[in-house]
Amino acid sequence: MQYIKIRKARHRKQINMRAIITGATGFIGQWLVKELYRIGFDITVIAHNLKNVPDIWKENIDVVKCDIAHYQDLQKHHFRYTNFDFFFHLAWAGTSGTERADFNLQLKNSYAACEAVNLAKRLSCRRFINAGSIMEYEAMTYVPQDGTEPSAGYMYSISKLTADFMAKTLAVWENIDYINIIISNIYGAGEKSARFLNQLLRKLISNQKIPLTTGEQLYDFIYVTDAVRGIILAAQKGKNCSSYYIGNQAPQPLKQFILQAKEVLKSDSELAFGEVTFKGAKLTYKEFDTNKLYDLGFKTEISFQKGIQMTAEWIKKEGFSDGL
């Protein structure tokens, strides 16, 4: 059996909205759950590993155990309610490291996104929020060009693009509002992945030499608490069948962020700019509208410098400062 309802939370009074979240036990997902609960949502999470479910959720959140490959098996009777307002689909296997190159795994993710839309239909969800990625735009920019030689890691990017296109088409067919949130570089306390900034901070803290590209490519970083507020705003107020970039309005060259992080952490790391050859798409950020979320009233609260300090404090406290 791939799924089982394990518990129902105590009923909360004065519930405003109901939301389902996949990938809720991940870095972004846990912060999203926290913020949705704070503002009064009734939350159901679908988790594949109960060991990753925080104890604090036990009395407050409904949890359904289900692997990402078996959403099609979930039916109405596995849930307390049969109608929801929002379905946040964050679950994705193989988001970093060598698993990004596993085409079998990445194709299963695209399939799962479509099955998540079908599940949303069965549960009468009004809106489906897909966790898209800036990597979709890198794939569209780079892979189709003559002469390019995509690395195997583009399997992840292409699958993200596939999931977005197919889930959107299916949502329209099922008469469900569809929002694609474009996730760029979300960072903050609680992240343990092998993504770039997370690795960088750990190496800066331990004063390691860091091989880097020239750092000329444009980048953007947003602290996780700001990011989840943006995700919720896009879900609530975003226009149907639209994408919303979760980040800042103006990107900067990556080198500037790296130098700022070193300064904030007072690190003695040697920054070896140019030792690594950059291969891939260089986005101009004109590929999407970075102002759309701000037009809905969004504002960030955490500066990059403050976010780096907060993240570094968490890393040191948790004892993960010796690299990955």
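Residues numbered from 1 in each chain as written. Predicted model: local features only at pLDDT ≥ 70, side-chain atom pairs only at ≥ 80, totals over all residues. Heavy atoms only, no water.

**Here's the deal with the overall build of the chain**
- The number of helices and strands found in the chain is nine helices and 14 strands.
- Taken over the C-alpha trace, the chain has a radius of gyration of 20 Å; the compact-globule value for 324 residues is 20 Å, and the two agree within 12%.
- A principal-axis box enclosing the C-alpha atoms of the chain has dimensions of 55 × 50 × 40 Å.
- Taking all 324 residues of the chain together, the buried fraction comes to 50%.
- Put simply, 80% of the contacts in the chain that link residues at least 6 apart link residues at least 24 apart. (Helix = DSSP H or I, 4+ residues; strand = E, 2+ residues; numbered from the N terminus. Rg over C-alpha atoms; globule rule 2.2 N^0.38 Å. Buried < 20%, exposed > 50% of the residue type's maximum accessible area, 1.4 Å probe, protein only. Contact = heavy atoms within 4.5 Å.)

**Brief notes about a nonpolar patch on the surface**
- The grouping of F103, L107 and M155 at the surface amounts to a nonpolar patch, some 290 Å² of accessible area in total.
- Position of F103 relative to the elements: it lies in helix α2 (residues 103-122). (Patch = residues over 30% accessible without salt bridge, like charges linked within 9 Å, V, L, I, M, F, W, Y side chains within 5 Å. Areas by Shrake-Rupley, 256 points an atom, 1.4 Å probe, with all protein chains shown as cover. Salt bridge = Lys/Arg side-chain N within 4 Å of Asp/Glu carboxyl O.)

**Description of the nonpolar core**
- One finds I21, L32, L36, V45, F88 and I181 to be the most contacted residues of the largest nonpolar core, which totals 62 residues.
- In terms of residue count, helix α6 (residues 224-237) provides more of this core than any other element does, eight residues in total.
- Not counting residues within four places of it along the chain, the set of residues in contact with L36 comprises A19, I21, F41, I43, F88 and I232.
- Counting residues in hydrophobic clusters, the runner-up holds 26 residues, among them I20, C66, C125 and L170. (Core = buried A, V, L, I, M, F, W, Y, C linked by side-chain atoms within 4.5 Å.)

**Comments concerning the confidence of the model for the chain**
- Mean pLDDT over the chain: 91, with 94% of residues reaching 70 or higher.
- Below a pLDDT of 50 lies the segment residues 320-324, which in the model reaches 16 contacts outside its immediate sequence neighbourhood of four places, other chains included. (pLDDT = per-residue confidence, 0-100.)

**Brief notes about the pattern of salt bridges**
- Taken as a whole and judged by the stated rule, the model has nine salt bridges.
- The partner of R38 in a salt bridge is E35, with the nearest N and O atoms 2.8 Å apart. Here R38 pairs with E35, and both are found in helix α1 (residues 27-38), just three residues apart, close to one helical turn.
- We classify R38 as exposed; its relative accessible area is 60%.
- Close ionic contact of E275 with K209 constitutes a salt bridge, the shortest N to O distance being 3.0 Å. Remark: K209 occurs in the loop between α5 (196-205) and β9 (210-212) and E275 occurs in the loop between β14 (271-273) and α8 (292-295); sequence separation between them is 66 residues.
- On the accessibility criterion, E275 (48% relative accessible area) is partly exposed.
- Connected through shared salt-bridge partners, D226, R229 and E301 make up one network.

**Considerations on unusual backbone geometry**
- At C241, a residue that is not glycine, the phi angle is positive and equals roughly 60°.
- Mapped onto the fold, C241 is located in the loop between α6 and β12 (242-246).
- Note on C241: relative accessible area 27%, which makes it partly exposed.

**Focus: the packing of aromatic side chains**
- Using the criterion set out here, one finds 21 aromatic pairs in the structure.
- Pairing Y137 with F288 gives two aromatic rings, centres 5.0 Å apart and planes at 70°, and the pair type is edge-to-face. Of this pair, Y137 sits in helix α3 (residues 135-142) while F288 sits in the loop between β14 and α8, and the two are 151 residues apart along the sequence. The burial state of Y137 is the same as that of F288; both residues are buried.
- Ring centres 6.4 Å apart and planes at 85° place the aromatic pair Y187 and F221 in the edge-to-face group. Pair noted here: Y187 is in strand β8 (residues 186-187) and F221 is in the loop between β10 (218-219) and β11 (222-223), with a separation of 34 residues, a long-range link.
- Residue Y187 is classed as buried on the basis of its relative accessible area of 3%. (Phe/Tyr/Trp six-rings, centres within 6.5 Å; stacked < 30°, edge-to-face > 60°.)

**Re the side chain of D85**
- Position of D85 among the secondary structure elements: in the loop between β4 (62-66) and β5 (86-89).
- Classification of D85 as buried rests on a relative accessible area of 18%.
- Excluding its chain neighbours within four sequence positions, the residues that come into contact with D85 are M17, R18, C125, R126 and R127.

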